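# Structure assessment
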Amino acid sequence: MNDRLATRKAPVIAVDGPSGVGKGDVSQFLAATLGWRIMDSGALYRILAHKALASKVSTDDVPRLCALASDMEVNFTIEGDALQVIYEGMDIGDAIRREEVGVAASQLAVWPEVRLRVVRAQRRQRRAPGLVADGRDMGTEVFPDAELKLFLDASVEARARRRFEQLKALGFSVSLDSLLQSISQRDEQDRTRKHSPLVAAQDAIVIDTTRMARESVREQVLAIVQEKVQEKALDKQGQNAWSASAL
Ligand code: DC
């Protein structure tokens with residue numbers, strides 16, 4: 001389908017921000033509340049990396065990466081608290097969360113030709129009744145016409161501490177220092193990347209969550225969305241009305 005036609009179909013809420021800021025939690029919360037679809041945009045780069053590793057394609061081999069990226073169809077579903085990533089009929093969420101897949105994903109994500117194909121697959125996720133898109137360039141590159149753009153930010157220390165607590169609760173022993181270091185490195189890479197660097201869209205609402213508990217972030221985001229829903233409901237043309245009956 002023509003990408004331009006597809007992008008006009010359904011409303012999008014873009015949830016962007018750096019690694020470890022809690023975009024996933026906010027996105028799942030919003031998608032569940034609104035009854036909308038959800039997309040973890042990083043998962044598409046990770047699936048491509050997973051395919052590349054499995055077929056021994058180097059993360060520098062742009063033509064072969066483009067061929068691998070050209071037909072990606074992914075489905076996301078929320079099961080309880082977990083996001084399932086369904087690809088070729090299987091939940092590959094665990095496989096793509098591996099560290100080596102993450103490293104390969106960030107390497108291949110630097111190529112504009114590769115990004116173009118991944119972005120096409122991401123835009124195909126925009127379907128009724130609406131999409132909550134979690135990522136780094138959702139509001140700037142992938143859905144510049146998103147109805148609502150949120151940009152979550154937090155200090156490196158706060159993000160490292162949250163990740164530390166999460167991992168500890170799961171029984172993993174990691175040092176806070178090593179988490180601080182890897183999150184800082186990832187930030188530097190994402191923010192200074194030549195193509196589609198991590199930056200808040202000019203029309204994004206920036207929320208600094210450094211001193212906020214998870215519940216307060218959810219409450220603030222929900223208030224913003226409710227305001228937007230009312231605005232849309234008042235839209236006289238009715239064409240842009242959001243189907244958000246849950247609110
Ligand atoms: O969010 P994540 O860790 O799952 O993302 C994996 C990699 O994919 C990340 O290192 C860079 C790339 N990525 C991207 O370039 N643009 C996005 N919108 C999301 C992820």
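Residues numbered from 1 in each chain as written. Predicted model: local features only at pLDDT ≥ 70, side-chain atom pairs only at ≥ 80, totals over all residues. Heavy atoms only, no water.

## Focus on the overall build of the protein chain
- When helices and strands are tallied, the protein chain shows eleven helices and eight strands.
- In summary, the protein chain has a C-alpha radius of gyration of 18 Å against a globular reference of 18 Å for 247 residues, a match within 12%.
- Across its three principal axes, the protein chain shows a C-alpha extent of roughly 55 × 45 × 35 Å.
- Here the protein chain, with 247 residues, has 46% of them falling under the buried criterion.
- Intrachain contacts of the protein chain at a sequence separation of at least 6 include 73% that bridge at least 24 residues.
- Per element, the accessible surface of the protein chain, about 13,000 Å² overall, is 50% carbon and sulfur.
- Across the protein chain, the centroid of the 35 positively charged side chains sits 3 Å from that of the 35 negatively charged ones. (Helix = DSSP H or I, 4+ residues; strand = E, 2+ residues; numbered from the N terminus. Rg over C-alpha atoms; globule rule 2.2 N^0.38 Å. Buried < 20%, exposed > 50% of the residue type's maximum accessible area, 1.4 Å probe, protein only. Contact = heavy atoms within 4.5 Å. Areas by Shrake-Rupley, 256 points an atom, 1.4 Å probe, with all protein chains shown as cover. Lys, Arg positive; Asp, Glu negative; His and termini not counted. Charge placed at Lys NZ, Arg CZ, Asp CG, Glu CD.)

## A closer look at the side chain of Asp190
- Within the secondary structure, Asp190 is located in helix H10 (residues 176-192).
- A residue is classified by how much of its surface remains accessible, and Asp190, at 5% relative accessible area, is buried.
- Setting aside anything within four residues of it in sequence, one finds Asp190 in contact with Arg136, Pro197 and Leu198.

## Some details on the site of the ligand
- Around the ligand, a shell composed of 14 residues is seen, among which Arg46, Arg115, Arg136, Asp137 and Arg186 lie nearest.
- Arg136 has a polar side-chain atom sitting 2.9 Å from an oxygen atom of the ligand.
- Within the complex, 94% of the 440 Å² of free accessible area of the ligand lies under protein.
- Those elements that place two or more of their residues in the shell around the ligand are helix H3 (41-54) and helix H6 (99-108).
- If one sorts the elements of the shell around the ligand by residue count, H3 sits on top with four residues.
- For the shell around the ligand, a count of residues per class yields four nonpolar, three polar and seven charged. (Near = heavy atom within 4 Å. Polar contact = N/O pair within 3.5 Å; in protein donor to acceptor, adjacent residues only side chain to side chain. Nonpolar A, V, L, I, M, F, W, Y, C, P; charged D, E, K, R; others polar.)

## Overview of the environment of Ala105
- On the secondary structure map, Ala105 appears in helix H6.
- Along the primary structure Ala105 and Leu83 are separated by 22 residues, whereas in three dimensions their C-alpha atoms are 19 Å apart.
- In contact with Ala105, not counting residues within four places along its chain, are Tyr45, Arg46 and Ala49.

## Thoughts on the confidence of the model for the protein chain
- Averaged over all residues, the pLDDT of the protein chain equals 88, while 91% of them reach at least 70.
- Counting contacts from residues 1-7, a segment whose pLDDT is below 50, to residues more than four positions away or on other chains yields seven contacts. (pLDDT = per-residue confidence, 0-100.)

## Observations regarding the nonpolar core
- Counting 61 residues, the largest nonpolar core has Ile13, Leu30 and Phe143 as the members making the most contacts within it.
- The element best represented in this core is H3, accounting for seven residues.
- Judged by nonpolar contacts, the second largest core, of five residues, contains Ala160, Phe164, Leu179 and Ile183. (Core = buried A, V, L, I, M, F, W, Y, C linked by side-chain atoms within 4.5 Å.)

## Side note on unusual backbone geometry
- The amide bond that connects Ala128 to the next residue, Pro129, takes the cis arrangement and shows omega of 5°.
- Structurally, Pro129 is set in the loop between helix H7 (112-123) and strand E6 (131-135).
- Here Lys56, not a glycine, exhibits a phi torsion of approximately 55°, which is positive.
- By relative accessible area, which is 71% here, Lys56 ends up exposed.
- With a phi angle near 50°, Glu88 is a residue other than glycine that sits in the positive phi range.

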